[in-house]
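Breakdown of the fold
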Amino acid sequence: EAGVAQSPRYKIIEKRQSVAFWCNPISGHATLYWYQQILGQGPKLLIQFQNNGVVDDSQLPKDRFSAERLKGVDSTLKIQPAKLEDSAVYLCASSSRLAALYNEQFFGPGTRLTVL
Amino acid sequence: GIQVEQSPPDLILQEGANSTLRCNFSDSVNNLQWFHQNPWGQLINLFYIPSGTKQNGRLSATTVATERYSLLYISSSQTTDSGVYFCAVGSNYQLIWGAGTKLIIKP
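Here goes a summary of the coordinates provided. Small disclaimer: the values here were computed from a predicted structure and weren't measured.

Let us now look at the interface of chain A and chain B. Contacts between the two partners involve 22 residues from chain A, matched on the other side by 20 residues from chain B. Overall, the association of chain A and chain B removes approximately 1,700 Å² of surface from exposure, summing both partners, and the carbon and sulfur fraction of that is 46%. When the buried surface of chain A facing chain B is broken down by residue, Y102, N103 and F107 of chain A rank first, second and third, together holding 31% of it. Linking chain A to chain B there are 0 salt bridges. For the interface between chain A and chain B, the tally reads 4 residue pairs in polar contact (both at pLDDT 80 or more). Counting only elements with at least two residues in the side of chain A that touches chain B, the list comes to strand 4 (31-37), strand 5 (44-50), helix 1 (97-101) and strand 10 (106-107) of chain A. Of the residues in the side of chain A that touches chain B, the class split is 10 nonpolar, 8 polar and 4 charged.

Right, dumping it as structure tokens:
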């Protein structure tokens, strides 16, 4: 079974530029999560999708961050414009419908973003 | 909300040593997961263990839900075990994360 795929793996941008990350969950997983992990901290949930609907986006900075999962499969997270404090690893995770009830999540390799 | 505390925050060991990492949580939870984050940043599922004991090779984990703690045991440590070990508990359809234990295994 293929795992969660993410791209790109690394990205370096200047502040005020835009950036987008892509995630393809494990096949058949209905629930998809985006996390932000600042160096030295645990991951922070940004947004959770169930199929193509948003379940929780309470910690997403909506003035600059957006995410979509139009067909209920892969997802894109965008930052526009980026700030220095957005430098972090962006992790995507997925769960099957049953596993999501118990919060069992499987993570992709992450995208390391550096904002200069 | 639920608090998750991990100890110790840092651990430095020689290759071949054994270690025990602890995770305490402040309220009832419907699951608990242990993850290893390797030096390249990837989070790897180690155990899904809401209660009881599981073993996978040199790693094992025990969760005592009634006493609100979990332990991760690493035996015969190898340099590839280095990284950060996170405990995360499930509550209200979210994972609540501890701050992690940073483990360094010296050759």
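Attention shifts here to the pairing of strand 5 of chain A. Residue and element names in this part refer to chain A. Where burial is concerned, most of strand 5 is hidden: 5 out of the 7 residues are buried. Where strand 4 lies against strand 5, 6 bridges are found, and the strand directions are antiparallel. Residue T31 lies in a different strand from strand 5, and its bridge partner there is Q50. The turn joining strand 4 and strand 5, which pair antiparallel and follow one another in sequence, is formed by 6 residues; a positive phi near 90° is taken by G40. Summarising the sheet, strand 5 and strand 6 (residues 53-56) pair through 3 bridges and their orientation is antiparallel. When the bridges of strand 6 are listed, Q48 appears paired with D56.

Conventions and cut-offs
Residues numbered from 1 in each chain as written. Chains lettered and ligands numbered in written order. Predicted model: local features only at pLDDT ≥ 70, side-chain atom pairs only at ≥ 80, totals over all residues. Heavy atoms only, no water. Contact = heavy atoms within 4.5 Å. Buried area = accessible area lost by both parts, 1.4 Å probe. Salt bridge = Lys/Arg side-chain N within 4 Å of Asp/Glu carboxyl O. Polar contact = N/O pair within 3.5 Å; in protein donor to acceptor, adjacent residues only side chain to side chain. Helix = DSSP H or I, 4+ residues; strand = E, 2+ residues; numbered from the N terminus. Nonpolar A, V, L, I, M, F, W, Y, C, P; charged D, E, K, R; others polar. Buried < 20%, exposed > 50% of the residue type's maximum accessible area, 1.4 Å probe, protein only. Pairing = 2+ DSSP bridges.

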